[in-house]
Amino acid sequence: MTDQAFKSDFLKTLQSRGYIHQVTHPVELDEAASNGIVTAYIGFDATAPSLHVGSLIQIMMLRRLQQAGHKPVVLMGGGTTKVGDPTGKDASRPQLTDETIQANIASIKTVFEKFLTFGDGPSDAVMVDNDEWLSKFGYVEFLRDYGTHFTVNRMLSFDSVKLRLEREQPMTFLEFNYMLMQSVDFLELNRSLNVTLQMGGSDQWGNITSGVDLVRRVDQKASFGLTTPLLTTASGGKMGKTAQGAVWLNAEQLSPYDYWQFWRNAEDADVGRFMRLFTDLPLDQIALYEAMEGAGINEAKKALADAATSMLHGSEAAQAARAAAEAAFEKGQLSADLPTVELPRDEVIGAMIAAVVAKAGLTTSNGEARRLAQGGGLRLNDEAIADGARLIEAADVNADGVLKLAAGKKKIVLVRPV
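Nothing here was measured: the structure is a model prediction, and the numbers come from that model.

## Quick word on the overall build of the chain
On a plain count of helices and strands, the chain comes out with 18 helices and 13 strands. Across the 418 residues of the chain, 49% fall into the buried class. In the chain, the share of contacts with a sequence separation of at least 24, taken over all contacts with a separation of at least 6, comes to 73%. Of the roughly 18600 Å² of accessible surface on the chain, 52% is carried by carbon and sulfur atoms.

What follows is the structure, given as structure tokens:
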């Protein structure tokens, strides 16, 4: 699919930067994107106050769409969040109240405003909530109008359902309806906003093609689907998963420093690919970074971290994060921009360093911290600690009232006993 020669700026950009996995009706879509404004949407459920970096490729797709002169629609799943997407899940989603869902949507919108221009213009982004129409359907009406367009045979063939059943994990009838609701979203957006393209991750292919089919079958109108590849790191790990948990996009959930560090710690082989997907750096400049070897790779990683962090948190926050990291790791200095964890004093002073390291989030367990110490990777105030059972003393707290803990060469946390 990605070998096709496209004419439109939008699809050429997606192709050259590595966003395209599958496209329905590629020739038609390319023609539409060449001859006018395409309105496209991606759906995001509101299960938390922030999206995480696993959603960033979708946000960047909407950004590329707008940069090419087309119109992005951010669909917040106020309605579908109440049901839960079964894709990749082994358990049903916990039920959230309407108030929690709306609070999450308001928080999430602040991130989209960093990447997209919202307004009333022809290519300005808009945000809509599918609860506006899904909550108005009567059950019988919904089944009568849309149930006839979906066969159970086809629904059972989708990976989101098939894999769940193969693992012998229960799937509720509520979740089974998710793909119908997502398809109806496309139909409603097509009718109200002339949305003709739905985009998403490759795991959404079945849901997306169902929506494309519904629009074409019910209203006989052009509609298209496009998915991105499953995003993994060069070593095969899941993008955005770390020992400390999800890499959140809201600063309240993850500091700009930690966000900068996430990109700085990218694997060598991922730097160029991540630059193409997650920054606006020109392709020729990215090619120069990809050609760097030795110590130059670290400079390329810093450039990736600078660009990605500037886009989300602003250039000042990115510069402060870089300065803090260089001071801490390269000069042994402390900075107010380093992540700081406050712990009860009686859980720090007199406690084993392994336990404090785990509580500070540098490792996932005391055992991991002890193994880190034995391997020479644990430092307290820039001094190597070989024994994870070593007790923290009051004298270890510096004049600023903190302990500087480091795991390996990439993770530093200041612990403030309170």
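Past the structure itself, the notes keep going.
## Some words on the sheet that holds strand 10 (residues 378-380)
Spatial ordering of the open sheet is given by 9-13-12-10-11, a layout of five strands whose pairing is mixed. The two strands at the open ends of the sheet, each matched to only one other strand, are strand 9 (340-343) and strand 11 (383-384). Two elements, strand 12 (residues 403-407) and strand 13 (residues 411-417), share five bridges in a ladder whose sense is antiparallel. The residue bridging K404 from the neighbouring strand is L414, located in strand 13.

## Re a nonpolar patch on the surface
Among the surface-exposed residues, V152, L156 and L165 lie close enough to one another that they form a single nonpolar patch of about 240 Å² accessible area. Looking at where V152 falls in the secondary structure, it is placed in helix 7 (residues 152-157). Judged by its relative accessible area of 46%, V152 is partly exposed.

## A look at the packing of helix 3 (residues 56-67) against helix 13 (residues 271-278)
Where helix 3 contacts helix 13, the two axes come as close as 9 Å, and the packing angle between them is 50°. Here helix 3 is positioned oblique relative to helix 13, judged by the angle of their axes. Here helix 3 contributes L56, I57, M60 and R64 to the contact with helix 13, which in turn contributes R276, L277 and F278. Of the residues assigned to the contact of helix 3 with helix 13, the class counts are five nonpolar, no polar and two charged.

## Structural notes on the nonpolar core
Counting residues in each nonpolar core, the largest one holds 67 residues, and the members touching the most others are L56, F112, W263 and F278. Of the residues forming this core, the biggest block, eight residues, is contributed by helix 15 (residues 296-313). Not counting chain neighbours up to four residues away, the residues in contact with F278 comprise Y19, L56, I57, M60, L231, M239, W263, A308 and M311. In this structure, Y41, L75, V128 and M171 belong to the second largest nonpolar core, which totals 26 residues.

## Observations concerning helix 2 (residues 26-35)
Within the sequence span of helix 2, burial applies to P26, L29, D30 and A33. Mapping the buried residues of helix 2 onto a view down its axis gives an arc of 100°, with all of them on the same face. Facing away from the buried surface of helix 2 by more than 90 degrees, the exposed residues are V27 and N35. Each element contacted by the buried residues of helix 2 is listed here: helix 1 (9-17), strand 1 (22-23), strand 5 (197-201) and strand 6 (224-228).

## Quick notes on the confidence of the model for the chain
With 89% of its residues at a pLDDT of at least 70, the chain reaches an overall mean of 86. Confidence, expressed as mean pLDDT per element, reaches its minimum in the chain at strand 7 (residues 241-242) with 60 and its maximum at helix 3 with 98.

Quick notes on the rules
- Residues numbered from 1 in each chain as written.
- Predicted model: local features only at pLDDT ≥ 70, side-chain atom pairs only at ≥ 80, totals over all residues.
- Heavy atoms only, no water.
- Helix = DSSP H or I, 4+ residues; strand = E, 2+ residues; numbered from the N terminus.
- Buried < 20%, exposed > 50% of the residue type's maximum accessible area, 1.4 Å probe, protein only.
- Contact = heavy atoms within 4.5 Å.
- Areas by Shrake-Rupley, 256 points an atom, 1.4 Å probe, with all protein chains shown as cover.
- Pairing = 2+ DSSP bridges.
- Patch = residues over 30% accessible without salt bridge, like charges linked within 9 Å, V, L, I, M, F, W, Y side chains within 5 Å.
- Salt bridge = Lys/Arg side-chain N within 4 Å of Asp/Glu carboxyl O.
- Axes fitted to C-alpha atoms, helices over the stretch in contact; angles between N-to-C directions.
- Parallel < 35°, antiparallel > 145°, perpendicular 65-115°, else oblique.
- Nonpolar A, V, L, I, M, F, W, Y, C, P; charged D, E, K, R; others polar.
- Core = buried A, V, L, I, M, F, W, Y, C linked by side-chain atoms within 4.5 Å.
- Arc of directions from axis to C-beta.
- pLDDT = per-residue confidence, 0-100.

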